Each structure stands twice: as C-alpha cells, then as structure tokens.
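# Report on the structure
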Amino acid sequence: MIRTLMRYDWRNLSADRAPLAVAVVLGVAIAYGAFNGSEWIRFQNRAISEALAEEGERFDRIRNEIPKIESGEKTVSPFADPRQPQSFGRNMGTRYAVMPPAPLGALAIGQSDLYPYYFRVSTNSRETFLNNDEVENPVHLLTGRFDLAFVLLYLYPLVILAFSYNLVSSEKESGTLALTLSQPVSLRRLVMAKVLLRAAFVAALAVLLSAAGVIIGGTNLAAEGAWSRLLVWAAVTAMYGAFWFALAIAVNALGRGSATNAMTLAGAWLLFVIVIPSVLNVAIKALYPVPSRVELIQAIRVAGDESTRQGSKLLARYLEDHPELAPPSKGPGGPPDFGTLLVAVNEATERKVQPVLAEFDAQLANQQSMVDRLRYLSPAIVAQSAFNDLAGSSAHRYKHFLAGVDEYHRQWRGFFVPRILRKEKLNASDLARLPAFTFREEPTADVTGRAGVAFVGLLVAVVLAGIPAVMALRRYPVAG
Amino acid sequence: MVLRIAQKEITEMIRDGRFRAAGAIIFTLLAGALLLGWQHYREVSAQHSAAQRATREQWLGQGKKNPHSAAHYGIYAFKPKVPLTMVDRGTDPYTGVAVWLEAHKQNEFKYRPAQDATAVQRFGELTGATVLQLLVPLLIVLLAFNAFSGERELGTLRQLLSFGVSQQDLERGKALGVAAALGLLLVPAALIGVVALTAGSGQTDMIAAIPRMVWMTLGYLLYFGAFVGVSLAVSAWASSSRSSLIILLGFWMFNGLIAPRAASDIAKAVRPAPSAFQFARGIEKAMQGDGHDSASERTKRLEQGLLKKYNVDKIEALPINFMGARLQDSEDHGNEVFDQAYSRLWAVFDAQDGVHRLLSAAAPSLAVRSASMAFAGADFPQHAHFAKAAEEYRRSIQRVMNDDLMRNASNTGVYLAGGELWNKVQPFEYTAPDAGWVLSRQAPSLTILALWCAAAAMAAMWTARRVRVYLT
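What counts and how
- Residues numbered from 1 in each chain as written.
- Chains lettered and ligands numbered in written order.
- Predicted model: local features only at pLDDT ≥ 70, side-chain atom pairs only at ≥ 80, totals over all residues.
- Heavy atoms only, no water.
- Helix = DSSP H or I, 4+ residues; strand = E, 2+ residues; numbered from the N terminus.
- Rg over C-alpha atoms; globule rule 2.2 N^0.38 Å.
- Buried < 20%, exposed > 50% of the residue type's maximum accessible area, 1.4 Å probe, protein only.
- Contact = heavy atoms within 4.5 Å.
- Lys, Arg positive; Asp, Glu negative; His and termini not counted.
- Charge placed at Lys NZ, Arg CZ, Asp CG, Glu CD.
- Buried area = accessible area lost by both parts, 1.4 Å probe.
- Salt bridge = Lys/Arg side-chain N within 4 Å of Asp/Glu carboxyl O.
- Polar contact = N/O pair within 3.5 Å; in protein donor to acceptor, adjacent residues only side chain to side chain.
- Nonpolar A, V, L, I, M, F, W, Y, C, P; charged D, E, K, R; others polar.
- Pairing = 2+ DSSP bridges.
- pLDDT = per-residue confidence, 0-100.
- Phe/Tyr/Trp six-rings, centres within 6.5 Å; stacked < 30°, edge-to-face > 60°.
- Lys NZ or Arg CZ within 6 Å of the ring centre and 35° of its normal.
- Axes fitted to C-alpha atoms, helices over the stretch in contact; angles between N-to-C directions.
- Parallel < 35°, antiparallel > 145°, perpendicular 65-115°, else oblique.
- Core = buried A, V, L, I, M, F, W, Y, C linked by side-chain atoms within 4.5 Å.
- Expected span 1.5 Å × (residues − 1).
- Arc of directions from axis to C-beta.
- Left-handed = near helix turned anticlockwise from the far one by under 90°.

### What about the overall build of chain B?
Counting its regular elements, chain B contains 16 helices and three strands. In summary, chain B has a C-alpha radius of gyration of 29 Å against a globular reference of 23 Å for 472 residues, an excess of more than 25%. Structurally, chain B occupies a C-alpha span of about 105 × 45 × 35 Å along its principal axes. Among the 472 residues that make up chain B, the fraction classed as buried is 54%. Considering only contacts within chain B whose residues lie at least 6 apart along the sequence, 82% involve residues at least 24 apart. Looking at charge distribution, chain B has the averaged site of its 48 positive side-chain charges lying 7 Å from that of its 39 negative ones.

Quick look at the structure:
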C-alpha cells in the first residue's frame, strides 16, 4: 500500500517543476561549497609545503656552513654562528610544527580559518610563536565561508521544509485528503508514505551530492579513518534532515492551512538556525567571560620586566634547581652570557604568567562545556559541532595540535637548554639528532565518538518532534 | 487618502497578534543587543585605556639602558573602541587588539577576540547590526508580502478601486503603513541606543559619533526602504500571496545569508591575498636585500658616505655614533619595505571590498553591512588607519632613540640613557578618522543603497499600476 501511495505522490510531485528546480539549486550549492572547501585545503597545503621547503633550504645552508666555520674558512659573529645553541634554537635552526588538513577538511571550513595550522617552534616562550595567524580579509572571517557545511546547515533544511510544509494541508485544501482516506488507508500511513518519498529524494540528493562534493574536493579516502568519518557525516546529515521532516509533520498535524504552516516552519528555521545560536553565543560570553588578552599582554610584560631585573639571581636559583645543567665550574668563571641568562629569565617569566594563561584555558573550557550542554537547544548547533569535528576544523583538533606543539616545544628546549648552559657548540652530527615534530591525528574513535553523541542528540530531537506529531495526527481534522 | 490607507494598515497590523509577537521579539532582541553592546564597549574601552596608560608607565620606568635596548623593549599600542561599536562590532572580533611596537619590525596585530570564542560565534553575533540587517527585513517581508495579493484574494481590491482610489495612492498608503509600523519598533530602540551612547561615552567621543550615527541611520533607512519597495512590488506582481511569500523569503535568504558568503569566496577567488607565509617571506627577503643591495653593502655605503661627509678616515673618528646612524639607516630601509608590503596587502583587501561592492548590486545587504560597520568605526580601513598611526609612532620612537645614540653615544664605550630620553617620546595619541573620511569611502555603498531604494520604489509604483484586480 505504501508503495502505491508513494508512486502516486511521486507522479504528483514530478508533474510540478519544483523538485527539479530544487535539485538543481541544491546541487549547484553543494558543488560550489565543496569546491570552496577544497580551495581552502589547497591553500593550506601550499603554505605548508612552502614553509617546509624554506626549512629545508635553511638547513642545507647551515649544513654547508658549519664545516666552513669549523675549518676557519669562514668567520661569523657569535650571533650568526649556527653552532651556538642559543642562536640555532632561537631562530636560525627553528623548525615548523605543522597540522595538515584532516581527510575530510574540505567539507567544513569551520574554525580552521581562525586558528593557525603551523608554528615555528623555538626555545623562546610559546607566546612568542603562537600568534601565527593566517592573512585574511577580516570581512571574510566575519561572514564565514560558503562550504558544504553551510549548505547542509542552512539550505538543506529549507529544501526539506519547501517539500513538506504542505504535506497534509495541501491535500486537505484541494479536497483529496478525504477522498484518499475513504480508501482503506490510515492517515498515518499516508503521511508515512509521503514523508518516506520526500525523505528518500532529499536525503539521496544530499548524500549523493555530498559524495560528489567529496570527489570534487579531492578528498583522500585512503587516509586513515576517512571512511568511518564519512559514514558518520552521512548519518548526521540524514538525522539532521529527519529532524526537519519531523518538525514539518508536527506542524502539519496541527491542522492549520498551508500558509500558516509555511510561516510557522520559516519561523522555526529562523529560531533554530539564527536566533538560538546567536543568543546562546551571547549568554556563554556573559556567563564565562574570557579574561582580556590586553591584560594578558600586560601580565607577560610585567613578569618579563621583573625576571629581567632579577636575571643573574634567577640563573643562580635555576642552576640550584638543575645542578646537572650547570656549566663545568672549573672553567673560566665570569658573568653569565646572554644565552644562559635568557634561559633562566624565560623560565621565570613563564612560571609567573602560567596562572593567567590557565585562567584563559579554564574559561574557554567552561564555555565549551556550556556549548556542549546547551547545543541541544538547536539541532543546527549540534550538527555544526559534529560537522566541524568530522572535518577536523573544530577547536578539539586545534587543542590536540597545541598539546602536541607544547610537547615538541619541551623536547626542543630539552635539546638546546643543556647545551646553552654548558656552552657547548653544535656540530654537523647534532643536526641529525634534532627533535622533529610529527602530527598525530586525533584517534578516529574520539572524533566519531564525539560526533556520535551529536548524532544521538539529533535522534532525540527527532523523537521529541516526532512523537507529538504522530499523536496529533490521530486527532487530525480531515474534513472542515 | 494616502494617510487614511496608512492609518487603516497600521490599525490592522497592531491588531494582528502575529505582528505584535514578531515585533515584540525583534524589539527585545534589538534592545538586548544594544545593551550588551553598550556593556561590551564600556568594558573593553576601560581595559584598553588602562593598558595604554600602563604601557606608557613601563616605558618611562624602564631605568637606565642603551637607547637601542629601549627600542627593543618597545611599547604596545592598543586599538581603542569607538562608541558606535555598540551597534555594530563589524570586523573587530576578527582583527587583533594590540600591536607591539619594537625596533626593526612592523609587527602584526595580536589576539583576535574571535579566537577566544566557541564555534557558535560563527552562526553570527547578536548585535544591533544583525537585528537591523537580517531580522528587520524579514519583518518587512512578513508585513508586506500580501499587501496587494491579500486584498485581491479577499476581493477588497476590486472594492477599493471602485471607490476611485488610485493604485499609486494605495501603494503609497501601504508603504507608509509599513514604514509607520516599523517606526513604532525602531524609534524607541533608536532612543535606547542614543541614551546608551550618551551614558557610555565621553563628550568628545559623543560629538564625533553624532555625524557617524546620522549617516549610519541614513544607510539603514535606505536599506529598509528598498525592502519595503521590493516587498510591495512582488506582492502586486505575484499571482498569489503564497508565491509572493516564497519569492520574498527566497530574496531575503539570498540577500542575508547566501550573498555575503558567496561574495567572500568570489572576492577571494578574483583577488587572492597572499598566505601569511608568503607575506612574511616577502618582507624577509626584501629586508635582506633580495640578492642585490644586501645589508652589508648598505652598511659599507653608509660608512663611506659618513667618512666622506665628516672628512675623517675611520669610524672611531666620526663626530657621531656610527651604530646610531647604521640603526637608523636600517630602519629607513625597513620602513620602505614595510610600506610596500603592507600597502600591497591592503590594496588586495581593498580590491576584495570592491568586489563586494560590485556584488551589492545584487544584494543590498552587502552595501548596508559595509556602510554600517564603516560608520560604526569597525571596518578594516579604519583598522588599517590605526595600524598606520601606530606604525608612525613606532618609527618616531626609533628616530628619537637613534638620534640620541648618534648624538650622545661614543664610538668606543658603553652608553646608557635614562628617564629624560624616554620622556622625549611623546605619549601615543590616536584620533580616529572623522565622519567625512568614512563618507568619502562609503559614498559608493550609500549610492548603491539609494539606487536600490529608488529602483524598488519605482518597481512598486509600476507593478501597482498594473496590478491584477481579479483572481484568475
């Protein structure tokens, strides 16, 4: 029976030119979104490869230079001597820590245009190299980008609503509802048939076109976890769509006319996609205000000034704490040089600034956990968080990257600081022993796990909208 | 007659529960957004002026030092907040808040506030501008979509015209009605804004804000006018209220959500900006002299020039300090490099904004957004204006330090300067550009809005004259 109903409904729909038009519009939007996303990935990859090429050239130059300096063929000032560990570790020999775009990166630009994706790690404090923002016209950051996630979050619900705002009401208005229900078919079955047909059409459009987008975007499906991420992406897309269908049925079940339904659903869309997110954003910022970066700048400066003033005292204390790093005392005593002092000053400054930085991290974590809890107020936020996670353009992945960078920073310092303190020059063989950064992708299970929670959240939203819809359909006034 | 029609429209709207509800929601959001904006403005500007004072004190209190060490220690410039950002924060969350002014280098601004926010921010911030650019037009659409089609469907259009009411009068009356309904909503909100502005800012800021506010208001009025015109035109032209609503919602959607994003991507594709890496690398290479005229060659040239000028044969015999001269020489070279690099980059951003302006012929939201954030003082050109002023200040610090070195340091011994020299550097004073400066840049946006408004009004008149009276 359902099949018969679906067949007739399809005839009805296809007599109209609307579905075709919608398919074309959605298709063009998805293709354009996927193309933009892949352009962004290409841009990032180009910047990364240029940076790594620069590092390679620099190292080649240093490798050539060291033997020449050692043999006395070339003379350089101590500041330009790559064998000096403080010069090498601070700027000459610094290396890049890179986070390449994730396998599905092209699908959602998300926060990735706001966060740096490579750093030039040095022995200096992390605050000196963490500000590696990409050059971008801020108007574009403000607007956001036209990527696949945008199409799915904003336009896809509208397509669903355009197909289903008059699901039952139009049949009632044209008088065919009573006629159809005089046959041995229940209203619920009829609605089911209509929804299934439309859902199949829209979901097929979204999933197939997204798949096409993945191909246009040049996604590497061989990458680890790409398929499972893609699968969860499709599931979240389908469930997000299901929510809007359920909402449309619920509104139809109230028994109002098509015009009222359209208004109500447009209002719901506005509420969930525009109003709730922007109000939530304001509420989060009011409840968990992040301390001012302006004050952070001041804190770092004050701590730095203080440490510089106490310079030599700090060095003495530092060496008491780390006697293993003390330079061989038999050697010529004398005032500590710039490099050794800097080590102690940096260490003291960082220790003083640590509480301020911790406050930033704590407030941001509070904000994030509030988003994680309250995002269920709007399925659009739930879907956005899942899309960003799956595409690797979320704050989670950035934090994961930062943790790796911090670890690398420690290793880098661990390599250079003892040599600086021991005033030990680097030689050619040390270059091969330098710590290197490798980005370890977040475990796929973590990512899909987080997105899975979002999926369940959407499922609950579908059920919450669906149950009253089905109940109300039972009382639907078929005539009059 | 026009007035009477308008009166009837207003009465009808006020009695309509849907309008009352939508109006109440929009008013609450607008008033809330303004108050939040006000609070944000107060907080941030207090922080910035405190920090600006602190950084000055640190500069003065840095003790005895070589002037070049002081130049390296430098000073911070914090971008001040202007009062109208309580209505429109513009690109402020996406540009850094502070820049470090040190020797040798024009630094980038640090800390974009948006980096300290969650991804929810990317759905858009609740500001006065969001409500005015996105939600008020939607309200206009809802008020006017069935202005003509509804009358036709009820059969009252026939009746009205049989009384001898002209279509144009009907059109004007309807437009006036919608405008009055909007006025009921927006005038109190604007008053709240003005009160917040008066309470929130000092007198000079206030006076500077008035002409900006007037132009901003004009921009919004033209924008709303365009929406009223388009809505009435579609309502008269469409075959039914339903199709009128669908067309108008489609236009709203395109105008407010699709066009801005599409415009960003088109602008990026047409006028691509360099990556941060390429930008920094270009500066680095130019500083090293790009193969020809390297730093050491320049030093040699300077040395020979000075020896010749003072007619001596070695650096030690110079009456000025060579180190100071060399530092200033390298600053001069650096300044050229930075000027070139930044003016090239900002020209790209300018060209991208030009693409947006071109596309605003298709979507007035692009023009009103640009005008709104410009008159609020939160667009990129004004950020660049501040960046230039900060850079000029940095250069003046370098000149004072290097001049002192040249004049007072010897070519052999250690030289330290103190508070007297630090005091010679004037405190950093920044005056934001006035409304005229903004207007000269925003004239195209306002013109486009005026054209939109005029074209929409004409379309409404034209379609009203040809409105179909009978249902087909």
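Still more ground to cover, so stick around.
### Section: the interface of chain A and chain B
Opposite the 73 residues of chain A that make contact, chain B presents 74 residues. Summed over both partners, the interface of chain A with chain B buries about 6700 Å², with 61% contributed by carbon and sulfur atoms. At the junction of chain A and chain B, the tally comes to six salt bridges. Across the salt bridge formed by E125 of chain B and K285 of chain A, the nearest N and O atoms sit 2.9 Å from each other. Run the count over chain A and chain B and you get 32 residue pairs in polar contact (both at pLDDT 80 or more). Secondary-structure elements contributing two or more residues to the side of chain A that touches chain B are α2 (18-70), α5 (138-143), α6 (148-164), α11 (258-287), α12 (293-309), α14 (338-374) and α15 (379-391) of chain A. Ranked by residue count, the leading element in the side of chain A that touches chain B is α11 of chain A, at 15 residues. Along the lines of polarity and charge, the residues of the side of chain A that touches chain B split into 42 nonpolar, 17 polar and 14 charged.

### What to know about the pairing of strand β1 (residues 95-98) of chain A
Residue and element names in this part refer to chain A. Here β1 shows a buried face lined by R95 and A97 and a second buried face lined by Y96 and V98. Summarising the sheet, β1 and strand β2 (residues 118-121) pair through four bridges and their orientation is antiparallel. Bridge pairing in β2 places Y96 opposite R120.

### Points about the confidence of the model for chain B
Predicted confidence across chain B gives a mean pLDDT of 90, with 98% of residues reaching 70 or more. At the low end of the mean pLDDT range in chain B sits helix α6 (residues 156-162) of chain B, at 85; at the high end sits helix α13 (residues 364-376) of chain B, at 96.

### Digging into the packing of aromatic side chains
Under the criterion given, the structure shown has 45 aromatic pairs over all chains. Between W40 of chain A and F43 of chain A, the ring centres sit 5.7 Å apart and the planes meet at 20 degrees, which makes this aromatic pair stacked. Placement of the pair is W40 of chain A and F43 of chain A together in helix α2, with a separation of three residues, close to one helical turn. Using a relative accessible area of 5% as the deciding quantity, one classes W40 of chain A as buried. A centroid spacing of 5.1 Å and a plane angle of 80 degrees characterise the contact between F349 of chain B and F380 of chain B, whose relative ring orientation is edge-to-face. Residue F349 of chain B is found in helix α12 (residues 322-359), and its partner F380 of chain B is found in helix α14 (residues 380-408); the two are separated by 31 residues along the sequence. Grouping residues by exposure puts F349 of chain B and F380 of chain B together as buried. Connected via pairs of aromatic rings, a cluster forms that spans F59, F88, F119, F401, Y408, W412, F415, F416, F437 and F439 of chain A. The ring centre of Y73 of chain B lies 4.0 Å from the NZ or CZ of R301 of chain A, which sits over that ring. Here R419 of chain A stacks its cationic end above the ring of F415 of chain A, 4.0 Å away from the centre of that ring.

### Here's the deal with the environment of A363 of chain B
All names here are of chain B. Within the secondary structure layout, A363 lies in the loop between α12 and α13. Taking relative accessible area as the criterion, A363 reaches 0% and is therefore assigned buried. As for A363 and A417, which are separated by 54 residues in sequence, their C-alpha atoms are 59 Å apart. Once residues lying within four places of it in the same chain are set aside, the contact partners of A363 are F254, N255, A259 and W452.

### Comments concerning the pattern of salt bridges
Residues and elements named next belong to chain A. Using the criterion set out here, one finds 44 salt bridges over all chains in the structure. Ionic pairing is found between K194 and D9, a salt bridge with its closest N-O pair at 3.6 Å. Within this pair, whereas K194 is found in helix α9 (residues 187-216), its partner D9 is found in helix α1 (residues 2-15), the two being separated by 185 residues in sequence. By relative accessible area, D9 is classed as buried at 6%. One salt bridge connects E407 with R410, and the closest N-O pair in it is separated by 3.2 Å. Pair noted here: E407 and R410 are both in helix α16 (residues 395-421), with a separation of three residues, about one helical turn.

### A word on the pairing of strand β2 (residues 98-102) of chain B
Residues and elements named next belong to chain B. Summarising burial for β2: four of the five residues are buried, a large majority. Bridging between strand β1 (residues 75-78) and β2 involves four bridges; their strand directions are antiparallel. Its bridge partner being in β2, F78 is matched across the sheet by A98. Two elements, β2 and strand β3 (residues 105-106), share two bridges in a ladder whose sense is antiparallel. Note on β3: the bridge partner recorded for L101 is Q106. With antiparallel pairing between neighbouring strands as the criterion, β2 and β3 make up a hairpin whose turn holds two residues, including H104 at a positive phi of roughly 75 degrees.

### Focus: the packing of helix α10 (residues 226-253) of chain A against α15 of chain A
Relative placement of two packed helices is described by the angle separating their axes and the distance separating the axes. Residue and element names in this part refer to chain A. Interaxial distance between α10 and α15 falls to 10 Å at its minimum, and their mutual angle equals 170 degrees. When the interaxial angle is binned, α10 and α15 end up roughly antiparallel. Contacts between α10 and α15 involve R229, V232, W233, V236, T237, Y240 and F243 from the first element and P379, A380, A383, A386, F387, D389, L390 and A391 from the second. Class assignment of the residues belonging to the contact of α10 with α15 gives a composition of twelve nonpolar, one polar and two charged.

### Description of the side chain of K110 of chain B
Here K110 of chain B lies in the loop between β3 and α4 (128-144). The residues touching K110 of chain B, leaving out its near neighbours within four places in the chain, are N131 of chain A together with Y76, G96, V97 and A98 of chain B.

### Some thoughts on the sheet that holds β2 of chain B
In a beta sheet, neighbouring strands are held together by backbone hydrogen bonds and run either parallel or antiparallel to one another. Taken in spatial order, the three strands make up an open sheet running β1-β2-β3 (chain B), and their pairing is antiparallel. The sheet terminates laterally at β1 and β3 of chain B, the two strands that pair on one side only. Sheet strands touched by α12 of chain A: β1 and β2 of chain B. Its angle to β1 of chain B, the strand with the most contacts, is close to 175 degrees.

### Quick look at the confidence of the model for chain A
A residue-level look at chain A finds 95% of positions with pLDDT of 70 or above and a mean pLDDT of 87. Overall, residues 329-334 of chain A carries pLDDT values under 50, and its contacts beyond four positions in sequence, including any with other chains, amount to zero contacts.

### What to know about the nonpolar core
Counting residues in each nonpolar core, the largest one holds 171 residues, and the members touching the most others are Y154, W244 and W269 of chain A. Those residues in contact with W244 of chain A that lie beyond four places of it in its chain are P157, I160, L161, A268, W269, F272 and V273 of chain A. Residues A70, F277, L421 and V425 of chain B belong to the second largest nonpolar core, which totals 83 residues.

### Re helix α1 (residues 2-15) of chain B
Residue and element names in this part refer to chain B. Helix length check: α1 (14 residues) gives 20 Å between terminal C-alpha atoms against 20 Å at 1.5 Å per residue, within 8%. Looking only at α1, the buried set comprises I5, A6, E9, I10 and M13. One side of α1 carries all its buried residues, which in axial view fall inside an arc of 135 degrees. Of the exposed residues in α1, the ones pointing more than 90 degrees away from its buried face are L3, R4, Q7 and R15.

### Things to note about unusual backbone geometry
All names here are of chain B. Positive phi values are uncommon outside glycine, yet H104 reaches one of about 75 degrees. Tracing the backbone shows H104 in the loop between β2 and β3. Its relative accessible area of 29% is what places H104 among the partly exposed residues. Not every positive phi belongs to a glycine, and N311 is a case in point at roughly 55 degrees. Take N311: it is sitting in the loop between α11 (295-309) and α12.

### Observations regarding the packing of α2 of chain A against α9 of chain A
Residues and elements named next belong to chain A. One can describe the packing of α2 onto α9 by two numbers: an axis separation of 9 Å at closest approach and a directional angle of 30 degrees. By the angle between their directions, the pair α2 and α9 is classed as roughly parallel. Our pair here, α2 against α9, has a crossing hand that is right-handed. Contacts from P19, A23, L26, G27, I30, A31, A34 and S38 in α2 reach F201, L205, A206, L209, S210, G213 and I216 in α9. Here the contact of α2 with α9 is composed, by residue class, of eleven nonpolar, four polar and no charged.

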